[in-house]
Amino acid sequence: MNGTQSAAGREILEVDGVWVGLGGREILRDVSFSVGAGEFTGLIGANGAGKTTLFRVILGLQSPSAGRVLVAGRPRSRRNPLIGYVPQKFLLDPDAPLRARDLVGLGVDAHRLGFSRPSRARTALVEEMLEAVDATSFADARVGNLSGGEQQRVLIAHALISQPRLLLLDEPLANLDLASGQEIVALLSRISREQRIAVLISAHEMNPLLPVMDRIVYMAAGRAASGATDQVVTTEVLSDLYGRHVDVLHLHDRVLVIAGAPGDHGSANGALESIEIVS
Amino acid sequence: MNRFLSPVFAPGFFESSTIHTALAVGGLVAVASGVVGVFTVLRGQSFAGHAFGDVETTGGSGAYLVGIGPLWGFLIAGLAGAAAMEAIGVQRARGRDLATGIVLGAALGLAALFLYLSTTASSTTGATVTVLFGSIFAVSSSTIPLVIVLSAVSVAIIAVLYRPLLLSSVSSELAAARGIPVRVVGALYLLSLAVAVALAAITIGAILSTALLIGPAATALRLTKSPGRAILTAGLLGVATTCIGIVLAYDSFHWPPAGHGWPVSFFVVALVLFFYLLAGLPELLRARAAKTDHTTRRATAEMAA
């Protein structure tokens with residue numbers, strides 16, 4: 001695995017002892033980790049582990065009940081231009097009048113009132129972003145007509161065009177076939193290295209990200225462990241995180257996390273029942 | 001009258017002040033409906049648009065009962081409806097359609113009562129037809145200034161909010177992540193929708209208002225790919241539909257049954273459907289051509305084998 005020192009630098013994101021309770025349930029329990037400038041970080045965990053809530057906290061859409069989030073050393077705020085975001089759900093009717101280039105253009109100035117004034121600089125910037133994500137061939141197609149992988153590219157360009165220092169992607173691989181998923185991972189890794197943009201990508205499967213991750217944040221039942229992949233993805237760390245015994249198997253260059261028999265550690269955990277092979 | 005124009009424009013068309021008023025009001029209303037309608041379609045809120053039609057039917061019929069102009073009735077009910085929808089969170093929770101349906105049923109029931117009371121009082125059926133199906137030829141020219149103001153308001157809301165509204169209509173998550181106050185933007189859009197439906201209600205009636213709101217927008221979506229062009233196309237289509245509808249309705253005074261013109265609303269709604277189907281024709285032909293092509297190729301392949 002890549003070492004943590006590969007992209008060392010100032011921390012772009014610091015999540016420090018964050019707790020979130022929603023409707024009497026603790027969604028996040030004392031989550032702490034940091035992301036260095038230009039680092040590629042995988043946020044791994046099963047559905048319901050708290051990944052989306054954590055993203056909402058980082059984006060300033062959800063206030064933590066305790067703890068704090070710093071972006072480039074400052075308390076995070078709404079409309080933080082340093083953060084680019086690619087959401088998980090993106091549903092648009094196939095006939096919606098919005099071309100890929102329109103959506104990318106909205107990344108420049110959607111928060112401003114009125115219409116955008118067409119300018120050569122703006123057009124050139126949109127074109128450059130479309131090229132950066134290999135989306136020029138479908139730039140004039142309706143976004144609703146594009147495949148999942150193509151939509152991801154357009155959304156990444158939409159996020160990148162405002163020149164963020166941190167890119168958050170919520171489960172971008174969830175609805176993609178294996179090949180499209182690998183293309184997206186390769187694209188993100190290239191952007192991260194070339195433009196020194198930190199990437200925080202959530203996924204329930206860590207294997208597609210193993211070759212490119214500088215650091216992993218592993219979440220289970222609202223708690224998180226972070227560090228270099230080979231330090232975090234171990235029987236000891238993950239058993240502690242899940243509160244029951246799990247085995248970490250290395251199979252060729254894949255990693256399998258397998259839950260032990262229920263009751264091994266005494267503490268029954270609802271979220272864990274659905275996870276036999278975790279990743 | 002020019003001999004080329006006379007088969008289209010019946011005598012007196014260009015001199016009639018009723019026609020002048022109808023064209024002015026109809027044109028303004030069509031622009032507002034078309035522009036707002038593109039966002040209604042984009043946001044998947046056709047049902048909300050129709051809900052305003054129902055609620056404003058009650059307002060329009062109430063207006064007859066208390067003796068104020070129907071446009072005021074449509075408008076007041078529309079604004080109250082917008083406030084109610086915002087309060088119960090129609091825009092956020094899709095599961096609110098049961099509550100909405102029951103409220104709409106009650107609103108139309110109330111409209112039935114109001115219309116019954118005002119028709120028994122004045123012993124005409126005019127109010128019922130005007131409220132439900134519109135009568136643009138009965139609109140007084142003194143209404144024009146109010147129509148100008150209201151169409152300007154509803155279009156101005158869309159124009160000022162254009163970029164944040166477009167992004168939050170495409171994805172509220174993307175918009176929220178950019179710090180756009182999605183809820184405020186949504187509420188202001190609802191206001192614009194309420195006004196546009198009130199305007200459509202005076203031209204083609206509260207019940208039919210959805211046709212003018214959704215029809216040109218849906219047709220524009222078939223014809224264009226970018227949001228700006230869709231808005232422009234929807235506005236122009238709305239104006240064309242309304243103007244042709246007025247011309248045909250004027251001509252229809254000479255059609256059977258003689259002396260009774262056909263309602264403008266009928267023509268507008270028929271034209272809306274016609275243009276929508278016409279815009280879908282190229283797609284249909286392309287699909288058919290592709291199918292024929294495949295069949296031919298398969299037949300050729302089978303023959304070769």
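Here's what I pulled together on the structure shown here. (Residues numbered from 1 in each chain as written. Chains lettered and ligands numbered in written order. Predicted model: local features only at pLDDT ≥ 70, side-chain atom pairs only at ≥ 80, totals over all residues.)

Some thoughts on the nonpolar core
Soluble globular proteins: nonpolar side chains tend toward being buried together. To be explicit about the condition: Each nonpolar core consists of buried Ala, Val, Leu, Ile, Met, Phe, Trp, Tyr and Cys residues. Their C-beta atoms, within 7 Å, join them into a set. Buried residues are those with 20 or more other C-beta atoms within 10 Å of their own C-beta, exposed residues have 12 or fewer, and partly exposed residues lie in between; C-beta atoms are placed from the backbone. Secondary structure elements follow DSSP: runs of H or I of four or more residues count as helices, runs of E of two or more count as strands, with numbering from the N terminus. Where a domain begins and ends is set by an automatic assignment or by a domain database. Whether two residues are in contact depends on their C-beta atoms, placed from the backbone: they are in contact if these lie within 7 Å.
If you look at the biggest cluster of nonpolar residues, it comprises 172 residues, and the most contacted ones within it are A:Ala157, A:Leu168, A:Tyr218, B:Val38 and B:Leu199. Looking at which element gives the most residues to this core, the answer is helix H9 (residues 182-204) of chain B, with 15 residues. In this structure, this core is formed jointly by two domains, domain 1 (1-82 + 164-243) and domain 2 (95-160) of chain A, each of which donates at least three residues. If we skip the residues at most four places from it in the chain, B:Leu199 touches B:Val29, B:Ala32, B:Ser33, B:Val147, B:Leu150 and B:Ser151.

Considering unusual backbone geometry
Residues and elements named next belong to chain A. For Glu 171, which is not a glycine, the phi torsion comes out positive at approximately 50 degrees. Classification of Glu 171 as buried rests on a count of 21 C-beta atoms within 10 Å. Even without being glycine, Ala 221 reaches a positive phi, approximately 50 degrees. Within the element layout of this structure, Ala 221 appears in the loop between strand S9 (215-220) and strand S10 (223-227). Judged by the 19 C-beta atoms lying within 10 Å of it, Ala 221 falls in the partly exposed class.

Considerations on the interface of chain B and chain A
Where we set the bar: Gly is placed with the polar residues, together with every amino acid not listed as nonpolar (Ala, Val, Leu, Ile, Met, Phe, Trp, Tyr, Cys and Pro) or charged (Asp, Glu, Lys and Arg).
Opposite the 26 residues of chain B that make contact, chain A presents 27 residues. Looking at the side of chain B that touches chain A, the elements that each hand over two or more residues are helix H6 (144-160), helix H7 (162-170), helix H8 (172-177), helix H10 (209-223) and helix H11 (227-251) of chain B. For the side of chain B that touches chain A, the leading source of residues is H7(B), giving six residues. A per-class count over the side of chain B that touches chain A returns 17 nonpolar, four polar and five charged.

Structural notes on the packing of H9(B) against H10(B)
Residues and elements named next belong to chain B. What counts is decided by this rule: For helices, the fitted axis covers only the stretch in contact; all axes are lines through C-alpha atoms, and the angles between them, taken along N-to-C directions, range from 0 to 180 degrees. By convention the crossing between two helices is left-handed if the near helix lies anticlockwise of the far one by an angle smaller than a right angle, and right-handed if it lies clockwise.
Packing of H9 against H10 brings their axes to within 7 Å, and their N-to-C directions diverge by 115 degrees. Crossing of H9 against H10: the hand is right-handed. Residues Ala 196, Val 197, Ala 200, Ala 201 and Ile 204 of H9 touch H10, and the partners they reach there are Ser 209, Ala 211, Leu 212 and Leu 213.

A closer look at the sheet that holds strand S4 (residues 66-71) of chain A
All names here are of chain A. Put simply, the test is: One requirement defines pairing of two strands: DSSP has to find at least two bridges between them.
One open sheet accounts for four strands, arranged S2-S1-S4-S5; its pairing is antiparallel. Every other strand in the sheet has two partners, leaving strand S2 (25-36) and strand S5 (74-75) as the edge strands with one partner each. Sheet analysis places strand S1 (residues 11-22) next to S4, joined by five bridges and oriented antiparallel. When the sheet's bridge partners are listed, Val 15 is paired in S4 with Val 69.

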